[in-house]
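Chain by chain, the residues:
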Amino acid sequence: MVIRPTGMALWDALRSALDERIKESGAQNAYFPLFIPVSFLSKEAEHVEGFAKECAVVTHHRLRSTEGGKAVEPDPDAELEEPLIVRPTSETMIWHMFQKWIMSYRDLPLKVNQWANVVRWELRTRPFLRSAEFLWQEGHTAHATREEAVETARQMLDVYADVCRDVLAMPVVKGVKSPTERFAGADDTFTIEALMQNGWALQSGTSHFLGQNFAKAFDVTFSDDANQQQHVWATSWGVSTRLVGALIMSHSDDAGLVLPPAVAPTQAVVVPISPGPDKQPEQHAELMAFVDAQVASMRAAGVRVSIDTRWNVRPGPKFFEYERKGVPLRIEAGPRDMAAGKLVVARRTGGDKFDLPAGEGVGGAIAAELDAMQGALLAAAEARLSDGTRETDSYAEMADALAAAEGAGSGGAGLFLVPWFDDAAAEKSIKDETKATIRCFPLGEQHRAEGRVCFYSGKPATHMALFGRAF
């Protein structure tokens, strides 16, 4: 996957917001090797089984020219004694190091975070959603008690949900995965699930309570305050460039990107309406002095603003370009606007153009407009999630709705909150019949399962489950 500058700027903005919160949680950034000995993965059987089909394997350490010198091939004399896995995730490497770093309860909790790329071999790829290589952060922690580890896993889930809401203007459902869907090697997987405009769900981040599985596999113990050896308790948690895909699908329209101001690389662009410095130099100089003063006010208010000075491009194509790129505010300033002491502003989210008085207060006015746009995008997404989630006690109702949506070409019909008896075989049957899966057991809904019967089997419900088709 090639990420062009605008996409990378989105990831950078998201990464900055998230990195600040991760550090506030007590985690420190570190870096671990890209190549993992295959024996490391073999130490945690459930973990390796979950990733075995996605692993890229390095078997040689150099190439040689073929006969004739027109190509290269692995050198048979350079075969590695032990194959190396290109990291699909770093639990095994990090736990190998934790075993060296943790000796006493005084070393706990240990919290590290890594910003890196990972490789998972995907046969069918989707840009930002599923690709053989992607960027992400992965946090890993070790704790003295089970309670502390669970609390950390839940804390990081809250961090992810807050970033999605406050930065991406994207509401999510916080929940726990079913045993079928949980991370390989975890005791519990907590998840945030978002609803896209087409009615499909998207898993947008996960936080895992790993129990003592990796601690036992890698013999990571500590001496407690009674001088007894104990295995540590663990978590891991991560989000990836998939969030860029979620952002695009949550807000954009047929005209192109729609970017929430909080994450937009450029929040406002000023397009001076001028033929350029060569044709009317005096008027142009006066106009640009006017524009520069307005931009200075915006920058002083913290607005990320740019000026388009491509005089060889007409205003119309510029407006189209910035609409397509999702710049939240497009601002026009021509000689007549300068004479009237105003700017003409257009919102990417639509509506009529409007005038803003020029002068010292323009920066604050633009900043307030951006805040209002951020709030409006979040409100629209929250309404979409609420309207797109229905509660039912009938499996037939869900199956019919999904079939109707597929027949209409959308494929998704939103989310279905249902009483559920936890049964892996029934879960598979529903997936086979409808292509819908359990997205999560919503954390805020589990008290409502008591006294109800499963919508599929009729057995006493053990959970409230959220079903939906997902990317």
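Quick summary incoming for the structure in this document. Remember, it's a predicted structure, so these values are computed and weren't measured experimentally. (Residues numbered from 1 in each chain as written. Predicted model: local features only at pLDDT ≥ 70, side-chain atom pairs only at ≥ 80, totals over all residues. Heavy atoms only, no water.)

1. So, the side chain of T434
Right, so step 1: Structurally, T434 can be placed in helix α13 (residues 424–434).
Right, so step 2: A distance of 2.8 Å separates a polar atom in the side chain of T434 from the backbone oxygen of I430.
Right, so step 3: A distance of 3.1 Å separates a polar atom in the side chain of T434 from the backbone nitrogen of A436.
Right, so step 4: T434 has contacts with Y395, M398, A399, L402 and R469, leaving out every residue within four places of it along the chain. (Helix = DSSP H or I, 4+ residues; strand = E, 2+ residues; numbered from the N terminus. Polar contact = N/O pair within 3.5 Å; in protein donor to acceptor, adjacent residues only side chain to side chain. Contact = heavy atoms within 4.5 Å.)

2. Quick word on the nonpolar core
Right, so step 1: In this structure, L168, M170, M398, W420, F455 and F467 are the most contacted members of the largest nonpolar core, which totals 61 residues.
Right, so step 2: Top element by residues in this core is helix α5 (residues 146–166). It accounts for nine residues.
Right, so step 3: Among the nonpolar cores identified, the runner-up in size contains 26 residues, and F32, L108, A215 and V220 belong to it. (Core = buried A, V, L, I, M, F, W, Y, C linked by side-chain atoms within 4.5 Å. Buried < 20%, exposed > 50% of the residue type's maximum accessible area, 1.4 Å probe, protein only.)

3. Digging into the environment of D422
Right, so step 1: Assignment of secondary structure puts D422 in the loop between β21 (415–420) and α13.
Right, so step 2: What D422 contacts, discounting residues up to four positions off in sequence, is P179, F441, T462 and H463.

4. A look at the sheet that holds strand β2 (residues 35–37)
Right, so step 1: Spatial ordering of the open sheet is given by β2-β6-β3, a layout of three strands whose pairing is antiparallel. Two strands close off the open sheet at either side, each with one partner strand: β2 and β3 (56–60). The average angle at which neighbouring strand axes cross in this sheet is 40°, direction not considered.
Right, so step 2: The pairing of β3 with strand β6 (residues 79–86) spans four bridges and is antiparallel. Note on β6: the bridge partner recorded for H60 is E79. (Pairing = 2+ DSSP bridges. Axes fitted to C-alpha atoms, helices over the stretch in contact; angles between N-to-C directions.)

5. Overview of the packing of aromatic side chains
Where two aromatic rings form a pair, the distance of their centres and the angle of their planes describe that pair.
Right, so step 1: Counted by the stated rule, this structure contains twelve aromatic pairs.
Right, so step 2: Note on W420 and F467: the rings are 5.4 Å apart at their centroids and 70° apart in plane angle, and the pair reads as edge-to-face. Highlighted residues: W420 in strand β21 and F467 in strand β23 (residues 463–468), separated in sequence by 47 residues. A single burial state applies to W420 and to F467, both of which are buried.
Right, so step 3: Among the aromatic residues, ring-to-ring pairing joins Y395, W420, F455, Y456 and F467 into one connected group. (Phe/Tyr/Trp six-rings, centres within 6.5 Å; stacked < 30°, edge-to-face > 60°.)

6. Examining the pairing of strand β18 (residues 342–347)
Right, so step 1: Where strand β17 (residues 329–333) and β18 come together, four bridges link them in antiparallel fashion. When the sheet's bridge partners are listed, E332 is paired in β18 with V344.
Right, so step 2: The pairing of β18 with strand β19 (residues 354–357) spans four bridges and is classified as antiparallel. Across the sheet, L343 pairs through a bridge with L356, a residue of β19.
Right, so step 3: Counted between consecutive antiparallel strands, the loop separating β18 from β19 contains six residues, among which G350 sits at a positive phi close to 105°.

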